[in-house]
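Here is how the chains run, residue by residue.
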Amino acid sequence: MHLASAARQSYGPRVTVMTLEELAASTPPATPWLGLDLGEKTIGVAASDATRMIASPLELIRKTKFTQDAERVLKLMDGRRASALVIGLPLNMDGSEGPRAHSCRAFARNLQRLREVPVAFQDERLSTTAVERFLIDELDLTRKRRAGVVDRTAAAWILQGALDRLRDAGLR
């Protein structure tokens, strides 16, 4: 029996969670990635360009049921021909994982029961705070206007951080 098959039988579906470096090495070149900011009520989605240089806000998904949310993410991946997901991991300030981080890991695990998708996590500590500060200070957006853009902009912030990290390591 093939080792991967044995692992699937013993441990359920294979969860393809990688480091960013592994993600860069294993995904086809010239394919974009999607970034996700998983909130309690929404999912911010961002997309990179095919060269993986620039991340841009894409969409805000209002959470309903997991299956519908996951299908929307997969549809966006298909539409963009994205080869991977970078999911923001909301670590505590001391680096430990709390309930929100566990929820993000569960989302990735459950998503991969629908389709095996390469996933990497990116530390997202303070991403929403940084984005809100930018939207207030630089763009002078009101609270009402910020509400519509903060989560997808946070997703772009998370994805851009991952892309910059790979660029700085010479791995893009």
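The structure we're discussing is the one just above.
Please read these numbers as outputs of a predicted model, since none were measured by experiment.

The rules behind each value
- Residues numbered from 1 in each chain as written.
- Predicted model: local features only at pLDDT ≥ 70, side-chain atom pairs only at ≥ 80, totals over all residues.
- Heavy atoms only, no water.
- Pairing = 2+ DSSP bridges.
- Helix = DSSP H or I, 4+ residues; strand = E, 2+ residues; numbered from the N terminus.
- Contact = heavy atoms within 4.5 Å.
- Axes fitted to C-alpha atoms, helices over the stretch in contact; angles between N-to-C directions.
- 1 Å grid on protein atoms, 1.4 Å probe; cavity = no way out; pocket = protein on both sides within 12 Å on 5 of 7 lines; lining within 4 Å.
- Points joined across faces, edges and corners; volume = space filled by probe spheres on them.
- Nonpolar A, V, L, I, M, F, W, Y, C, P; charged D, E, K, R; others polar.
- Buried < 20%, exposed > 50% of the residue type's maximum accessible area, 1.4 Å probe, protein only.
- Phe/Tyr/Trp six-rings, centres within 6.5 Å; stacked < 30°, edge-to-face > 60°.
- Lys NZ or Arg CZ within 6 Å of the ring centre and 35° of its normal.
- Polar contact = N/O pair within 3.5 Å; in protein donor to acceptor, adjacent residues only side chain to side chain.

**Some words on the sheet that holds strand β6 (residues 119-123)**
Judged by pairing direction, the sheet is mixed, and its six strands sit side by side in the order β1-β6-β5-β2-β3-β4 without closing on themselves. The open sheet has two free edges, formed respectively by β1 (17-18) and β4 (55-62), since each of these has just one partner strand. The pairing of strand β3 (residues 42-48) with β4 spans seven bridges and is classified as antiparallel. Bridging from a neighbouring strand, Val45 pairs with Glu59 of β4. Across the sheet, helix α3 (residues 66-80) is in contact with β2 (33-38), β3, β4 and β5 (84-89); its angle to β4 comes to roughly 150°.

**A short note on the layout of surface pockets**
Empty space among the atoms becomes visible once a probe the size of a water molecule is rolled across them. Considering only enclosed or pocket space, the second largest pocket measures out at about 160 Å³ in volume. Along its surface, the second largest pocket is lined by Leu38, Gly39, Glu40, Lys63, Phe66, Asp69, Pro99, Arg100, Ser103, Cys104, Ala106 and Phe107. Among the elements of the structure, α3 and α4 (99-114) are those that each provide at least two residues to the lining of the second largest pocket. The element best represented in the lining of the second largest pocket is α4, accounting for six residues. Counted by class, the lining of the second largest pocket contains six nonpolar, two polar and four charged residues.

**Details of the pairing of β3**
Taken across its seven residues, β3 has seven buried, putting it largely inside the fold. Burial of the side chains of β3 extends over both faces: Thr42, Gly44, Ala46 and Ser48 are buried on one face and Ile43, Val45 and Ala47 on the other. Pairing analysis gives five bridges linking β2 to β3, with the strands arranged antiparallel. Looking at β3, one finds that Leu36 is bridged to Val45. In sequence, β2 turns back onto β3 through a hairpin of three residues. Counting the residues that bridge the hairpin from β3 to β4 gives six residues, and of these Arg52 lies at a positive phi of roughly 60°.

**Notes on the packing of aromatic side chains**
Per the counting criterion, the structure on display carries one aromatic pair. Residues Phe66 and Phe107 carry aromatic rings whose centres are separated by 5.3 Å and whose planes lie at 75° to one another, so their mutual orientation is edge-to-face. Placement of the pair is Phe66 in helix α3 and Phe107 in helix α4, with a sequence separation of 41 residues. Residue classification places Phe66 among the partly exposed residues on the basis of a relative accessible area of 28%. Residue class for Phe107 comes out buried when judged on its relative accessible area of 8%. Over the ring of Phe121 we find Arg105; its NZ or CZ atom is 4.7 Å from the centre of that ring.

**Here's the deal with the side chain of Thr27**
Mapped onto the secondary structure, Thr27 falls in the loop between α2 (20-26) and β2. Taking the relative accessible area as the measure of exposure, Thr27 reaches 7% and is therefore buried. One polar contact links the side chain of Thr27 to the main-chain carbonyl oxygen of Leu23, over a distance of 2.9 Å. Here the side chain of Thr27 touches Arg52 through a polar contact of 3.2 Å, side chain to side chain.

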